[in-house]
Amino acid sequence: MMWRVAVLWAFAAACLSIGAAQEPGNLERALAFYRTRPRVERPQAGWQRLPDGLRDLRAATCGECHSAIYDEWLVSTHGQAWTDRQLQSEMAKSGNRWLCNNCHTPLLNQMEVWAVELSDGDVEKPLYVENPVFDSAFRDEGITCAACHVRDGAVEGPTGIQTKAHATRKTERFTEEVICLTCHQAVRNYPGKDFICIFETGAEWRESPYGQAGQPCQSCHMQPVTRPQAIGEAPRSGRRHYWPGAGIFKVEGLGPPVDQLGAGLGVEVEATSDELVVRLSNSAAGHLLPTGDPERFILVEVDFSDSQKRAVGETYRERIGQTWEWWPVPRKLADDRLAPLEVRELRIPRPETAAAWTLVATSHRISAEALEFHDLADYPSSRVTHERMGDFPTDRR
Ligand code: HEC
Ligand code: HEC
Ligand code: HEC
Ligand code: HEC
Ligand code: HEC
């Protein structure tokens with residue numbers, strides 16, 4: 001998470017007064033407040049009326065008919081965007097929770113409380129009122145179906161196919177990147193604060209050959225599939241709802257199947273008589289590698305051994321990612337991420353007695369130190385993407 005709190009502040013309860021339940025006009029006050037805020041500080045899916053035919057807006061309800069899509073969404077990172085323990089831990093350390101809610105529970109309908117004012121204009125001192133129709137199960141769904149699909153009293157989709165189940169409407173945004181960019185392209189600075197909002201995947205994509213060719217996020221992150229789109233209907237073409245990314249699950253075993261998206265990193269190794277030539281590339285990602293959360297990084301480690309399989313020389317390490325200082329003011333210190341299709345060549349000298357080499361590449365969401373800071377040392381944070389080994393030519397020395 002790009003919003004990072006570097007000091008453990010006591011929760012400023014005094015700043016978070018909760019208004020009287022059912023206070024008339026809560027929704028109007030909230031809507032009026034959010035209208036005064038910039039785009040990235042508004043609930044990304046707004047307040048939504050129930051489309052005709054539906055009982056409620058919960059994903060679980062959609063899933064009664066759209067069971068295959070529901071099962072995919074359930075294990076996706078979007079489906080875990082609120083329950084994410086790291087998000088919960090970060091939110092507990094600052095008064096900025098109302099900002100996080102806007103993307104991680106993007107409908108006003110989902111939120112327990114709504115901001116209606118900021119004391120002293122301070123984003124960490126919101127005044128909250130209660131959502132009179134709060135439903136905790138709906139909030140826990142995070143980026144729920146309705147976040148993308150429900151607008152102005154209708155279920156929107158790529159075809160607008162008619163059904164007795166609910167009102168539908170066709171909109172173009174489903175086949176374009178805009179549907180992703182409200183959340184994945186969002187930048188805002190908070191002078192004097194130790195957090196910022198910095199997601200630039202959209203801009204990175206736009207500059208890439210994929211963006212230039214108009215190949216949207218969905219083309220890689222939502223695989224095409226032909227199947228019944230609702231129980232009992234005739235099969236038709238659509239897309240999977242897994243949104244695989246770096247593949248580092250939040251909960252052990254609960255994530256998209258690995259065949260949904262390969263690693264973004266490409267690795268080629270050539271062993272010559274006096275060096276190991278390693279070519280790392282961003283072979284598959286449609287944006288910088290890694291993208292998204294500024295704490296993500298890739299680590300490539302190379303070890304050597306002699307003919308008796310004993311370790312020789314030092315481990316060679318290449319870290320690819322951004323380096324930030326979060327306190328007292330967030331500041332980017334370095335950034336050596338791989339641009340789409342960029343190849344980076346490493347030439348590693350062969351240690352004197354080395355006979356064989358081993359290369360392991362891992363993808364990380366966050367550093368071990370940062371996890372510890374959040375008391376999440378047991379939270380999954382990395383995944384091995386490549387394991388290679390080989391011998392050096394024997395014609396040397
Ligand atoms: C403008 C939309 C937006 C807002 C506001 C927002 N987030 Fe996020 N958040 C995202 C997106 C998009 C990602 C996915 C990026 C990724 O996984 O690399 C994300 C990912 C995360 C993650 C998971 C990171 C990982 O490496 O898996 C955490 C934790 C998180 N956000 C915490 C927060 C907190 C805390 C706040 C409030 C201070 C917040 N977010 C506000 C859009 C937002
Ligand atoms: C009672 C069953 C039922 C429920 C509940 C239901 N749907 Fe549907 N939905 C259908 C049927 C049937 C179709 C048309 C079948 C098809 O698309 O082939 C459909 C079509 C759709 C489409 C396709 C529209 C398009 O433009 O292609 C979307 C999107 C959709 N539903 C989303 C949802 C969402 C989101 C929810 C929950 C808020 C939901 N549905 C709840 C039965 C249901
Ligand atoms: C309402 C905001 C929102 C929208 C719209 C949205 N995302 Fe996300 N996305 C998020 C957040 C928040 C996360 C991170 C959740 C977490 O890790 O807790 C995320 C995570 C991801 C990930 C990372 C998966 C991983 O585990 O590494 C991918 C890939 C992704 N989104 C792709 C997309 C695509 C493609 C679209 C458009 C079809 C899209 N998103 C639309 C907010 C959004
Ligand atoms: C992050 C945004 C997002 C979320 C969340 C989301 N969808 Fe979709 N959905 C899409 C996009 C994009 C398409 C268009 C795919 C395509 O081009 O066929 C789509 C298409 C559909 C379709 C039409 C069939 C198809 O694949 O084209 C149905 C039905 C549907 N979604 C139901 C759901 C249900 C049910 C949920 C929740 C369990 C859900 N969606 C959650 C973005 C989303
Ligand atoms: C050409 C295919 C392609 C396109 C187009 C693409 N992505 Fe990705 N994306 C990938 C791959 C591959 C990864 C896995 C990278 C890795 O190994 O960490 C990824 C990873 C991600 C991640 C997780 C963070 C990370 O670096 O792993 C997010 C978030 C994401 N993509 C969002 C988007 C969004 C939003 C768009 C559209 C603006 C988009 N992607 C377009 C291929 C693509």
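Residues numbered from 1 in each chain as written. Chains lettered and ligands numbered in written order. Predicted model: local features only at pLDDT ≥ 70, side-chain atom pairs only at ≥ 80, totals over all residues. Heavy atoms only, no water.

Describing the overall build of the chain
Across its full length, the chain holds 12 helices and 17 strands. The globule rule puts the C-alpha radius of gyration for 397 residues at 21 Å, and the 24 Å found for the chain is close to it. Viewed in the frame of its principal axes, the chain has a C-alpha envelope of about 85 × 55 × 35 Å. Of the roughly 19500 Å² that the chain leaves accessible, carbon and sulfur atoms contribute 53%. (Helix = DSSP H or I, 4+ residues; strand = E, 2+ residues; numbered from the N terminus. Rg over C-alpha atoms; globule rule 2.2 N^0.38 Å. Areas by Shrake-Rupley, 256 points an atom, 1.4 Å probe, with all protein chains shown as cover.)

A word on the coordination of the iron atom of ligand 5
The protein atoms that coordinate the iron atom of ligand 5 are His221 (NE2) and His287 (NE2), at distances spanning 2.0 Å. One can describe the donor arrangement at the iron atom of ligand 5 as octahedral, given that its six donor atoms subtend angles of 88 to 179 degrees at the metal. A residue pair is termed long-range when its members are at least 10 positions apart, and His221 in helix α11 (residues 218-221) and His287 in the loop between β11 (275-282) and β12 (297-305) qualify at 66 residues. (Donors = N, O, S within 2.8 Å, 3.2 Å for Na, K, Ca; no water. Tetrahedral: all angles 85-135°; square planar, octahedral: opposite > 155°, others 65-115°.)

Considering the site of ligand 4
With respect to spatial proximity, 21 residues lie near ligand 4, and among them Cys145, Cys148, His149, Arg239 and His241 are the closest. Within the contact set of ligand 4, a nitrogen atom lies 2.8 Å away from a side-chain nitrogen or oxygen of His149. A distance of 2.7 Å is found between an oxygen atom of ligand 4 and a backbone nitrogen or oxygen belonging to Arg239. For the shell around ligand 4, the elements supplying multiple residues, two or more each, are α3 (67-75), α7 (145-149) and β9 (235-239). Residue composition of the shell around ligand 4, grouped by class: 11 nonpolar, nine polar and one charged. (Near = heavy atom within 4 Å. Polar contact = N/O pair within 3.5 Å; in protein donor to acceptor, adjacent residues only side chain to side chain. Nonpolar A, V, L, I, M, F, W, Y, C, P; charged D, E, K, R; others polar.)

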